[in-house]
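Given next are the chains, with one letter for each unit.
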Amino acid sequence: MDFTFTEEQQAAAEAAKGVFAGVAPDAVPSPALTPGAVAETYDRALWARLADADLLSLLLDPRYGGAGLDAIALCLVLRESARVLARVPLLESSAAAAAVQAYGGEEAKADLLGRAGRGELVLTVAAHGRTGHDPADQAVTARQDGETWVLDGVQTAVPWAYDADVTLVPAHTGTGRTLLALVPRGHEGAVLAEQFSTSGERLGELRLQSARLAARDVIDADGAWEWLRALLATGTCALALGLGERVLRMTGEYTSEREQFGFPIATFQAVAVQAADRYIDLRAMEATLWQAAWRITSGAPGALPAAGDVAVAKIWAAEGVRRVVQTAQHLHGGFGADVDYPLHRYHAWAKHLELSLGPAAAHEEALGDLLAAHPLA
């Protein structure tokens, strides 16, 4: 078996390192000190640099100006972005574009994909349901009225909702099918209400009230939502891994310099053991992440459907990143709470990532359902 990344995947990661090298994680006001959003919009200058480096079109076919790469390449780039807390809709826009490419109609592909790959158009996904705890595909209903679809319902915590040109919204029909509706910003019957993440980013509660969409703006293909949600969850795991790795490095640097009783505290057994435990967490997060990304990419069969590997990865990501930032805060002492030091920002982002696309408990339940339906021999 060859577990190394391909040359193309490694090239994407190296390009990402170059783009993110100059990004400061404390470039916006602290969420601890800022009522409301830390900034009005995403980092547009960084977005332009990502477009120039062809990192917004990784998953797109060459006919749309893309590199034709896979979820593994995207996760490598996301991992780098999280190390510097890059404020860009990279995961949401890339995943949404990939879903349109894989399941959308030719008209939607022609209209959206080229512009999305060039950074001229931003996509996002309403993936958190009505409350953040219920299934996203059950929060909005879709019914057909002649040649149009009519949407009603609420989706909470939509990332970059005020900046995205199009939001992909899962909706269920009376026959039990799940659709993906492409809802333009400002569309009649679609209203946004401000919400804020623990990281200080502005989210949107999307309220759909008899919003009408033409058939060309609705993806009615089996498995489209499930595939998109799996990609979003796996990408969230990549973000958690990159963030956790940076936090552990910060902790190692601090404990190597901070002295007590004339010795660096990193030499104390209690400190070293805690850091070692968090290193093990990160390695487990990494192994389960690449397993999930590989299953999504390859479509290879397994003892469980790919959703099982995604659930395992998200369980490790949610629990692991929480433990990493908590240990980092503990080992930094009071310095970790200093708003002039970026650790508190990583802690806030980690909490957001822990809960995004469902906390560990939700994925444990999903994994239990899969195990019940697919008994292991």
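Structure: above.
This is a predicted model, so every value here is computed, not measured.

Details of the environment of Trp47
Move 1: Mapped onto the secondary structure, Trp47 falls in helix α2 (residues 44-52).
Move 2: Judged by its relative accessible area of 3%, Trp47 is buried.
Move 3: C-alpha of Trp47 to C-alpha of Pro89: the two residues are 42 residues apart in sequence and 8.5 Å apart in space.
Move 4: Residues within four places of Trp47 in sequence aside, it is in contact with Tyr42, Leu56, Val88, Pro89, Leu90, Ser93, Gly119 and Val122.

Some points on the packing of aromatic side chains
Think of a pair of aromatic rings as described by two things: how far the centres are apart, and how the planes are tilted against each other in angle.
Move 1: Overall, the coordinates contain 6 aromatic pairs when judged by the stated rule.
Move 2: Summarising the aromatic geometry, the rings of Tyr42 and Trp47 are spaced 5.6 Å apart at their centres and angled 65° between planes, so their arrangement reads as edge-to-face. As far as burial versus exposure is concerned, Tyr42 and Trp47 are alike and both buried.

A look at the pattern of salt bridges
Move 1: Inspection of every chain in the model, using the stated rule, returns 25 salt bridges.
Move 2: In this structure, Arg283 engages Glu286 in a salt bridge whose closest nitrogen and oxygen atoms are separated by 2.9 Å. Taken together, the residues span about one helical turn, with Arg283 and Glu286 both in helix α7 (residues 269-298) at a distance of 3 residues.
Move 3: By sharing partners, the salt bridges in this structure join Arg278, Asp281, Glu319, Arg322, Arg323, Lys351 and Glu354 into a single network.

Section: helix α10 (residues 360-373)
Move 1: For α10, which comprises 14 residues, the first-to-last C-alpha distance of 20 Å matches the rise-based estimate of 20 Å (1.5 Å per residue) to within 8%.
Move 2: Among the residues of α10, those classed as buried are Ala360, His363, Leu367 and Leu370. One face of α10 carries all of its buried residues, which in axial projection span an arc of 80°. Exposed positions of α10 whose direction lies more than 90 degrees from the buried face are Ala361, Glu365, Asp369, Ala372 and Ala373.

Section: helix α5 (residues 106-117)
Move 1: The terminal C-alpha atoms of α5, which comprises 12 residues, lie 16 Å apart, in line with the 16 Å expected from a rise of 1.5 Å per residue.
Move 2: Among the residues making up α5, those that are buried are Ala108, Lys109, Leu112, Leu113, Gly114, Ala116 and Gly117.
Move 3: Each element contacted by the buried residues of α5 is listed here: α4 (90-103), β1 (123-125), β4 (166-172) and β5 (178-184).

About the cut-offs
Residues numbered from 1 in each chain as written. Predicted model: local features only at pLDDT ≥ 70, side-chain atom pairs only at ≥ 80, totals over all residues. Heavy atoms only, no water. Helix = DSSP H or I, 4+ residues; strand = E, 2+ residues; numbered from the N terminus. Buried < 20%, exposed > 50% of the residue type's maximum accessible area, 1.4 Å probe, protein only. Contact = heavy atoms within 4.5 Å. Phe/Tyr/Trp six-rings, centres within 6.5 Å; stacked < 30°, edge-to-face > 60°. Salt bridge = Lys/Arg side-chain N within 4 Å of Asp/Glu carboxyl O. Expected span 1.5 Å × (residues − 1). Arc of directions from axis to C-beta.

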